[in-house]
Structures are given as structure tokens and as C-alpha cells.
Amino acid sequence: MSLFKKIVGKILNQPEEDDGQDLIKLGDQLKNADLDYKFAQLFTHSGGFFNYCADEAEALQTLSHILKIEDIKSVFCWDADLKNFLDVVNVPYTKELELFNDCAFITCEYLIAYDGRIMLSYNNIQHYHSSRLPQKIIIMANVSQIVNNLNDAMGKIKRNGNIRNLTSISGSNSKLDTPNKDNTKLFLLLLED
């Protein structure tokens, strides 16, 4: 917990400017760092907006701030727990992805520390392809979902049973995945377990 408080001051919830350092080089420099610190650095470097939340009250406050600053009017959200957050902040949502949704509020399977990617599945985005998601995506996850690399994530998925339609997303500056839309904004609300 204290580690995240230290890095939140550094990151300031903003993606780092491209200082000529590519993601792989940064990953190599962080190879011995704690997984949570490494993930936060690489996720931010790839263009994601990292928000550490000590509890659900702080997550709700951060969510409300993002929705207001980004002028979000309609959210795709089919997760029952996440819908409760949207009910509190009084933002309209649909359980099916609609063209008029300007944001998706979803969970994820795992956070990959190796390169700052976020693994999604049917459990998170139903049958929709990640490229169909709105340009603004808010993901709520727990610290315990951070894994070292893709192999660790796949091993956990195999143990958990039938998870389908796996994909990953990363910030708009990342060159690792099939490129997201260049103007996609990816926000992460990371909660302590």
C-alpha cells in the first residue's frame, strides 16, 4: 500500500511524456522492481492513466472526477458491482454496448507487469471485440490481479477454468498490441484488496 502512495506522487495520474525511452528498455530497467511498481510505471509510460485507490470510497471519488473531467454522458457497463458505482454518481449506463456510449466501465482478468498491458476476456467485455469499445475506458482492478507476465496470467486462467475471448489492451502510446485508436483514453482504478 505505501509503495503505491509513493509512486502516485511521481505519476500524478498522467501518462509520462515520451522521453525517447521505449517500453522494452524501461521494462528491462525495472526487471528487479516490485510487480506493482513495475506495472504502474509501464502502464503509465504506455499512455494509460493510473489511479491508486485505497478503498471503494476513494475509487468512487476518483470515478466521479474522471466522469466529470471527461464529460462522460453514457457508459457501457454490464458488471453488477460496477453498476452500483454508476448508480451512486448518477451516470446513465447500458448493459449492451451502444454507439452512443462514450465510455466503458469494466473489470479485467489480469494486469501484466512485464509490459503494462491489461488482459480482458468475455467476463469483462462480453462478446464485443476490444476495438469496438468507446474511446474512453475505465477499468477497475485489484492489486492481487497484477501478475509478472503473460505466462503467469495464462497459467492462472487455465486453473480457473473456462475463460474465453482473451485479449489485451494498453495505453494509446504502446506499440505492443494491435494499436488501439490513437485517441483512446485508458483509465485504471487500482484498489487494495
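This text goes with the structure placed above it.
Residues numbered from 1 in each chain as written. Predicted model: local features only at pLDDT ≥ 70, side-chain atom pairs only at ≥ 80, totals over all residues. Heavy atoms only, no water.

### As for the sheet that holds strand 5 (residues 110-112)
Phase 1 of the analysis: Read across the open sheet, the four strands follow the order 8-5-6-9; overall the sheet is mixed. The sheet is open, and its two edges are formed by strand 8 (146-147) and strand 9 (167-169), each paired on a single side.
Phase 2 of the analysis: Sheet topology note: the strand 5/strand 6 (residues 117-120) ladder contains three bridges and is antiparallel. Each bridged residue has a counterpart across the sheet, and for Y110 the counterpart in strand 6 is M119.
Phase 3 of the analysis: Across the face of the sheet, helix 7 (residues 150-160) comes into contact with strand 5, strand 6 and strand 8 while running at roughly 160° to strand 5. (Pairing = 2+ DSSP bridges. Helix = DSSP H or I, 4+ residues; strand = E, 2+ residues; numbered from the N terminus. Contact = heavy atoms within 4.5 Å. Axes fitted to C-alpha atoms, helices over the stretch in contact; angles between N-to-C directions.)

### Brief notes about a nonpolar patch on the surface
Phase 1 of the analysis: On the surface, L150, M154 and L166 cluster together to form a nonpolar patch covering roughly 210 Å² of accessible area.
Phase 2 of the analysis: Relative to the elements of secondary structure, L166 occurs in the loop between helix 7 and strand 9. (Patch = residues over 30% accessible without salt bridge, like charges linked within 9 Å, V, L, I, M, F, W, Y side chains within 5 Å. Areas by Shrake-Rupley, 256 points an atom, 1.4 Å probe, with all protein chains shown as cover. Salt bridge = Lys/Arg side-chain N within 4 Å of Asp/Glu carboxyl O.)

### Quick word on the environment of K156
Phase 1 of the analysis: You can see K156 is positioned in helix 7.
Phase 2 of the analysis: Along the primary structure K156 and Y110 are separated by 46 residues, whereas in three dimensions their C-alpha atoms are 9.4 Å apart.
Phase 3 of the analysis: Ignoring sequence-local partners within four residues, the contact set of K156 consists of Y110 and V147.

### Regarding the pattern of salt bridges
Phase 1 of the analysis: Counted under the stated rule, the structure contains four salt bridges.
Phase 2 of the analysis: A salt bridge links K136 to E70; the shortest N-O distance between them is 3.5 Å. Taken together, the residues K136 in strand 7 (residues 136-142) and E70 in the loop between helix 4 (56-69) and strand 2 (75-76) connect sequence positions 66 residues apart.
Phase 3 of the analysis: Of the charged contacts in the structure, one is a salt bridge between E70 and K185, with a shortest N-O distance of 3.1 Å. With E70 in the loop between helix 4 and strand 2 and K185 in strand 10 (residues 185-191), the pair connects residues that are 115 residues apart, well separated along the chain.

### Focus on helix 7
Phase 1 of the analysis: Put simply, N149 is the residue that caps the front of helix 7, since its side-chain oxygen is 3.1 Å from the backbone nitrogen of N151.
Phase 2 of the analysis: The first or second residue beyond helix 7 is G161, which carries a positive phi of 100°. (Polar contact = N/O pair within 3.5 Å; in protein donor to acceptor, adjacent residues only side chain to side chain.)

### As for the nonpolar core
Phase 1 of the analysis: Membership of the largest hydrophobic core comes to 26 residues, with the highest contact counts inside it found for F39, I106, L111, I118, I139, L188 and L190.
Phase 2 of the analysis: Elements with a minimum of two residues in this core: helix 3 (35-45), strand 1 (49-53), strand 4 (103-106), strand 6, strand 7 and strand 10.
Phase 3 of the analysis: With sequence-adjacent residues up to four places away left out, I118 is seen in contact with F39, F43, C108, Y110, L111, I139, T167, S168, I169, L186 and L188.
Phase 4 of the analysis: Core analysis: the next-biggest nonpolar cluster, separate from the first, contains 20 residues, V75, V91, F105 and L189 among them. (Core = buried A, V, L, I, M, F, W, Y, C linked by side-chain atoms within 4.5 Å. Buried < 20%, exposed > 50% of the residue type's maximum accessible area, 1.4 Å probe, protein only.)

### Overview of the side chain of S121
Phase 1 of the analysis: Along the chain, S121 falls in the loop between strand 6 and helix 6 (122-125).
Phase 2 of the analysis: On the basis of relative accessibility, which here comes to 0%, the residue S121 falls in the buried class.
Phase 3 of the analysis: The contact partners of S121, leaving out residues within four places of it in the chain, are E109, Q126, I163, R164, N165 and L166.

### A closer look at the sheet that holds strand 1
Strand pairing in a sheet is mediated by backbone hydrogen bonds. Such pairs are either parallel or antiparallel.
Phase 1 of the analysis: Ordered in space as 1-10-7-4-2-3, the six strands form an open sheet in which the pairing is parallel. Only two strands of the sheet have a single partner each, and these edge strands are strand 1 and strand 3 (93-94).
Phase 2 of the analysis: Across three bridges, strand 4 lies against strand 7 in parallel orientation. Within strand 7, the residue paired with A104 across the bridge is I137.
Phase 3 of the analysis: Contacts between helix 5 (residues 80-89) and the sheet are confined to strand 2, strand 3, strand 4 and strand 7, with strand 4 contributing the most and set at about 125° to the helix.

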